[in-house]
Amino acid sequence: MNLNRIAQMMVLTAAGALFAAASPVDSWMKMDAKALAERAKTAQSADDHRAVARQYEERAMTFDAKAVQHEQEADRMAKRQREQYNPLSSKWPAMVQGPVDRERGKALQARRVARESRDLTAYHLEQASKLTVAD
């Protein structure tokens, strides 16, 4: 296993533990994306924006963890392919590489969603700070 990936896992785990300890989880905190987007549209107070930002940050951490899992699965599959002879690899190499590429694609998508969630976190924190200054 790559040391960089181990370090990423440790950072994500520590960040998740700190985040869980720092903020109580409300009943609405486990929303799906559509419900969260709707809550974000209706946020009007600084507290509402902070709550939405917390939810988006939690969503980002979840997708970061999923991305790491997909990367690890892709690495495991690639390693298995190198160690075991597969007769299809010489005739149809894309067919053999397909599952590995699919896992890497899932990791890429998870990282994209995490990045978008972090952007929305920053936006809502900025809105909360503007509303706090206005009060």
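First, a word on scope: everything that follows refers to the structure included in this document. Along each chain, the written sequence defines residue order, and numbers are assigned to residues from 1. Local features in this predicted model are restricted to residues of pLDDT 70 or higher, and side-chain atom pairs are both shown and tallied only at a pLDDT of 80 or more, whereas totals for entire chains, interfaces and linings draw on every residue. Only hydrogens and water are removed before side-chain values are computed, so all heavy atoms of the structure are retained for them.

So, the overall build of the chain
- Each helix and strand in the chain was counted, giving 5 helices and 0 strands.
- Numbering of helices and strands runs from the N terminus, with a helix taken as a DSSP run of H or I at least four residues long and a strand as a DSSP run of E at least two residues long. In sequence order, the secondary structure elements of the chain are arranged as α-α-α-α-α.
- The buried label applies to any residue whose accessible area, calculated with a 1.4 Å probe on protein chains only, is under 20% of its type's maximum; exposed applies above 50%, and partly exposed to all values in between. Among the 135 residues that make up the chain, the fraction classed as buried is 30%.
- Computed with the Shrake-Rupley method and a 1.4 Å probe, the accessible areas treat only the protein chains shown as cover for residues. Total accessible area computed for the chain in this model is approximately 9,000 Å², and 58% of it derives from carbon and sulfur atoms.

Observations regarding the packing of helix α2 (residues 33-42) against helix α3 (residues 46-83)
- Two elements in contact, α2 and α3, have axes separated by 10 Å at closest approach and are oriented at 155°. Put simply, α2 runs roughly antiparallel to α3. Both α2 and α3 take part in a crossing whose hand is left-handed. Each of A33, L36, A37, R39 and A40 in α2 lies in contact with α3, whose residues at this interface are D48, A51, V52, Q55, Y56 and R59.
- Think of it as three bins: nonpolar holds Ala, Val, Leu, Ile, Met, Phe, Trp, Tyr, Cys and Pro, charged holds Asp, Glu, Lys and Arg, and polar takes everything else, Gly as well. Its residues placed into classes, the contact of α2 with α3 shows 7 nonpolar, 1 polar and 3 charged. Working convention: axes come from line fits to C-alpha atoms, limited for helices to the stretch in contact. Angles between N-to-C directions cover 0 to 180 degrees. The scheme is simple: roughly parallel for angles under 35 degrees, roughly antiparallel for over 145, roughly perpendicular for 65 to 115, oblique for anything else. Crossings are sorted by hand: turned counterclockwise from the far helix by less than a right angle, the near helix makes the crossing left-handed, and turned clockwise it makes it right-handed. Note on contacts: a residue pair qualifies if any of its non-hydrogen atoms lie within 4.5 Å across the two residues.

Observations regarding the nonpolar core
- We define the nonpolar core as a collection of buried residues of types Ala, Val, Leu, Ile, Met, Phe, Trp, Tyr and Cys that are connected through side-chain atoms lying within 4.5 Å of one another. Counting residues in each nonpolar core, the largest one holds 5 residues, listed as L36, A40, A43, V52 and Y56.
- If you list the elements that add at least two residues to this core, you get α2 and α3.

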